[in-house]
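Summary of structural features
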Amino acid sequence: MIRLLRTEFARCFTGKLFWLVVLFNVVLASSFNVLTYATTKSGDFSNVFTDKTLYIGLISMGLTAAVFVAFHAGSEFDEGTIRNKLIAGNTKTGIYICDLAVCSAALIIIQYLYFFIAYAFSYILFGALHHSFSVMMQLQLIGALGTVAVTAFMLMITMIVRSRTIAVTVCMIAAIVFFIACVAIINELEEHSMELLDAGPEIISAEKYAVLDKYSYVYGVDSENLFGTELAVKEFFYDSLLQSQALRFSDERSLPYHWEFMVIYNIAITLVTTLIGVVSFRRLDLK
Amino acid sequence: MKNLLKAEFSRMFRSKLFWIFMILSVVFCVYSIYDDANMPAEFRQSGQIYGYVFEAALYFYILVYIFAAAVLDSLFISREHADGTIRNKIISGHSRAFVYMTELIVCSVTGLIMFIVNLAIISLPFLKFGIHGMDGWVTMRRIILIAVLIIAINALFVLFSMLIPSRASSVVWSIVFIIIMLVSSGLIQDKLDNDSRSRNLRESGEYYEHSKILGDTERKVYKALNYILPTNQVIHTYDIDDFLADYKDTSEIPQKKLNIYLAGLCLLDAVTFVLVTAAGITIFRKKDLK
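Residues numbered from 1 in each chain as written. Chains lettered and ligands numbered in written order. Predicted model: local features only at pLDDT ≥ 70, side-chain atom pairs only at ≥ 80, totals over all residues. Heavy atoms only, no water.

Okay, the overall build of chain B next. The helix and strand inventory of chain B stands at 12 helices and zero strands. C-alpha atoms of chain B, sized along the principal axes, occupy 70 × 50 × 35 Å. Among the 290 residues that make up chain B, the fraction classed as buried is 47%. Of the contacts made within chain B by residues no fewer than 6 positions apart, 79% connect residues no fewer than 24 positions apart. A total accessible area of about 14600 Å² is found for chain B, and carbon and sulfur atoms account for 66% of it. (Helix = DSSP H or I, 4+ residues; strand = E, 2+ residues; numbered from the N terminus. Buried < 20%, exposed > 50% of the residue type's maximum accessible area, 1.4 Å probe, protein only. Contact = heavy atoms within 4.5 Å. Areas by Shrake-Rupley, 256 points an atom, 1.4 Å probe, with all protein chains shown as cover.)

Another aspect to go through is the overall build of chain A. When you go through chain A residue by residue, the secondary structure sums to 12 helices and zero strands. Counted from the first residue to the last, chain A has its helices and strands arranged as α-α-α-α-α-α-α-α-α-α-α-α. Computed over its C-alpha atoms, the radius of gyration of chain A comes to 21 Å, within 12% of the 19 Å expected for a compact globule of 287 residues. In terms of principal-axis extent, the alpha carbons of chain A reach across some 65 × 50 × 30 Å. In chain A, the share of contacts with a sequence separation of at least 24, taken over all contacts with a separation of at least 6, comes to 78%. A total accessible area of about 13700 Å² is found for chain A, and carbon and sulfur atoms account for 67% of it. Computing the positive centroid from 19 side-chain charges and the negative centroid from 24, chain A places the two 18 Å apart. (Rg over C-alpha atoms; globule rule 2.2 N^0.38 Å. Lys, Arg positive; Asp, Glu negative; His and termini not counted. Charge placed at Lys NZ, Arg CZ, Asp CG, Glu CD.)

All names here are of chain A. The contact between helix H2 (residues 16–39) and helix H4 (residues 61–79) brings their axes to 10 Å, and the two run at 170 degrees. It follows that H2 is roughly antiparallel to H4 by the angle criterion. Residue-level contacts link Leu17, Phe18, Val21 and Asn25 of H2 to Thr64, Phe68, Phe71 and His72 of H4. Of the residues in the contact of H2 with H4, the class split is five nonpolar, three polar and no charged. (Axes fitted to C-alpha atoms, helices over the stretch in contact; angles between N-to-C directions. Parallel < 35°, antiparallel > 145°, perpendicular 65-115°, else oblique. Nonpolar A, V, L, I, M, F, W, Y, C, P; charged D, E, K, R; others polar.)

Let us now look at the interface of chain A and chain B. Taken residue by residue, the interface counts 14 residues in chain A and 18 residues in chain B. Taken together, both faces of the contact between chain A and chain B bury some 1300 Å²; the carbon and sulfur share is 75%. There are zero salt bridges connecting chain A and chain B. Taken together, the links from chain A to chain B amount to zero residue pairs in polar contact (both at pLDDT 80 or more). Only H2, H4 and helix H8 (164–199) of chain A provide two or more residues apiece to the side of chain A that touches chain B. By residue number, the principal contributor to the side of chain A that touches chain B is H8(A), which donates seven residues. Broken down by class, the residue content of the side of chain A that touches chain B amounts to eight nonpolar, three polar and three charged. (Buried area = accessible area lost by both parts, 1.4 Å probe. Salt bridge = Lys/Arg side-chain N within 4 Å of Asp/Glu carboxyl O. Polar contact = N/O pair within 3.5 Å; in protein donor to acceptor, adjacent residues only side chain to side chain.)

What follows deals with the nonpolar core. Membership of the largest hydrophobic core comes to 136 residues, with the highest contact counts inside it found for Leu54(A), Phe68(A), Met154(A), Val168(A), Met172(A), Ile122(B) and Met162(B). Here the element with the most residues in this core is helix H3 (residues 48–83) of chain B; it accounts for 18 residues. (Core = buried A, V, L, I, M, F, W, Y, C linked by side-chain atoms within 4.5 Å.)

Residues and elements named next belong to chain B. Taken as a whole and judged by the stated rule, the model has 20 salt bridges over all chains. Measuring nitrogen to oxygen at the nearest pair gives 3.6 Å for the salt bridge that ties aspartate 195 to arginine 219. On the criterion of sequence distance, the pair formed by aspartate 195 in helix H8 (residues 167–203) and arginine 219 in helix H9 (residues 216–228) is long-range, its members being 24 residues apart. The exposure class assigned to aspartate 195 is buried, which follows from its relative accessible area of 2%. Three or more residues joined by partner-sharing salt bridges are found here, namely Glu8, Arg11, Glu80, Lys89 and Glu103.

This part covers the packing of aromatic side chains. One pass over the structure, following the stated rule, counts 30 aromatic pairs over all chains. Put simply, the rings of Tyr112(A), Phe115(A), Phe116(A), Tyr119(A), Tyr123(A) and Phe133(A) touch in pairs and so form one group of aromatic residues. If you follow Arg96(B) out to its NZ or CZ, it ends over the ring of Phe284(B), 5.6 Å from the centre. (Phe/Tyr/Trp six-rings, centres within 6.5 Å; stacked < 30°, edge-to-face > 60°. Lys NZ or Arg CZ within 6 Å of the ring centre and 35° of its normal.)

On to the environment of Val138(B). All names here are of chain B. Looking at where valine 138 falls in the secondary structure, it is placed in helix H7 (residues 136–163). You can call valine 138 buried: its relative accessible area is 12%. Taking the C-alpha atoms as reference points, valine 138 and asparagine 226, 88 residues apart in sequence, are found 20 Å from one another. Apart from residues lying up to four places away in sequence, valine 138 is in contact with Ile240 and Asp241.

Turning to unusual backbone geometry, a few remarks are in order. Residues and elements named next belong to chain A. Located in the positive-phi region is arginine 162, a residue other than glycine, with phi close to 60 degrees. As for its placement among the helices and strands, arginine 162 is situated in the loop between helix H7 (133–161) and H8. A residue is classified by how much of its surface remains accessible, and arginine 162, at 16% relative accessible area, is buried. For histidine 258, which is not glycine, the phi torsion reads 75 degrees and is therefore positive. Structurally, the position occupied by histidine 258 is in the loop between helix H11 (242–251) and helix H12 (259–283).

Here we come to a nonpolar patch on the surface. Together, Leu20(A), Leu23(A) and Val27(A) give the surface a local cluster of nonpolar side chains, amounting to about 280 Å² of exposed area. Residue classification places Val27(A) among the partly exposed positions, given a relative accessible area of 47%. (Patch = residues over 30% accessible without salt bridge, like charges linked within 9 Å, V, L, I, M, F, W, Y side chains within 5 Å.)

Summed over all chains, the structure comprises zero disulfides over all chains. Lacking any disulfide linkage, Cys98(A) is separated from the closest cysteine sulfur, that of Cys103(A), by 11 Å. The closest cysteine sulfur to the non-disulfide-bonded Cys29(B) is located on Cys107(B), 20 Å from its own sulfur. (Disulfide = S-S within 2.5 Å.)

This part covers the confidence of the model for chain A. Residues at a pLDDT of 70 or more form 96% of chain A, whose mean pLDDT is 88. Mean pLDDT in chain A bottoms out at helix H9 (residues 206–215) of chain A, which sits at 80, and peaks at H12(A), which reaches 94. (pLDDT = per-residue confidence, 0-100.)

This is the structure:
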């Protein structure tokens, strides 16, 4: 398996795909700050804080992972490489884990590259940022776990579908649907917390009200419009979707409320999707 | 060219891809109606509320369609590259321009057919509620603009699909392109809204952020892009009359004038269509088909 890993890492870092995705992210990371700089009047630079641009890389990681994983792993089915690897003595589980390791490593490198380039441009062009550097690094670490979770999910789809074209289509649509869902859920939960704030002690205990007041959200409290299973499911997606996590990172100045659950969900999603992916891949016939 | 068109239409309507997208779009429309029809009773005002549901359904349809078209056009056309069918068509005597135009016509007509089917579905509840409370002129303008946008957007995706032989790459570039266009449109609209809001605050003597006010040339450029870019027009199908009237009071503008503004917008889209198609045919003529 070590030889397979070495080969896969070499294939990844010497191939056009990784460097194209890197180039795209470098352009993305620099362009937001450069465009803001170009369209801001010279006396107003001190009023510009570009913290939000630091997390766009994480917000777009769903699409990046969809393209990278579908092309990197999906191409192996089209070219018959997986069959060759099996003939050479590797197991299906070993091949799957190798692909997961390589794709995760590549995407984490891309994530951090985006962050440091965006940080450099923000600092050079505009100076101070709201977040402290140590907080940003902690957020990026949580984001890295989210990147691995998204990679595991996309790899599961690619290995089940076994075609590069269908994998890239399904994965990209899934990424877009997740993004739209996370924006809708964030808006709905914001309205839900406003409703709780207005209702006050009628429907919420003093202790929970204090949490709501401090963090602008409290978990597990039903309101008139949102309650029970629907609330629980939406709160789960609020914490587990990488895009939701990234949007919350960009809004807050410290670690977001419930960040421990984000870490747990990221690890759980990685394990569950990898398990499903490995079991499906082992059972499916290679075309 | 007639034989080519017949063959392509037949291929489209027999393909699983078309029927999957048709079924998904019907499900989406039915869900849009069902979701809004389940609004709490205090938000309903007899038949009038369905007018708003209808407008929202049209708006969300075109927003979702631009992504669906990216995938459908890419997968439908790039299969021909993969199978070598395009090369065979050229060998059998069809010109490259005819081959390109055939794909464009088939994709555009398919888009229009899907729109008509879904329009019929979301119009069905009017049989129960009646159409009082609906402004016929606004609805007509909205429907015409959406139909024209479907054709213009298909021209863009056919350009990508005809020039990119790989199926997967074609899908990726089409989707990434439409996302970049939508984000750009959102940023342009944001700049114009902030400018308008800040100017109003300045005029009323209230506190405003000076940095948000655009210079004259800047504002003209952003406004021009706001009218020209198809994705900006897609975003504005919801407030179409305000958009056409440049956010002046529409009650003071006669319907005929709004229709003339709409005709101007459709002309812009026609120019976009012609330019994109001409560029596509020119590049396709020079492309080496492997």
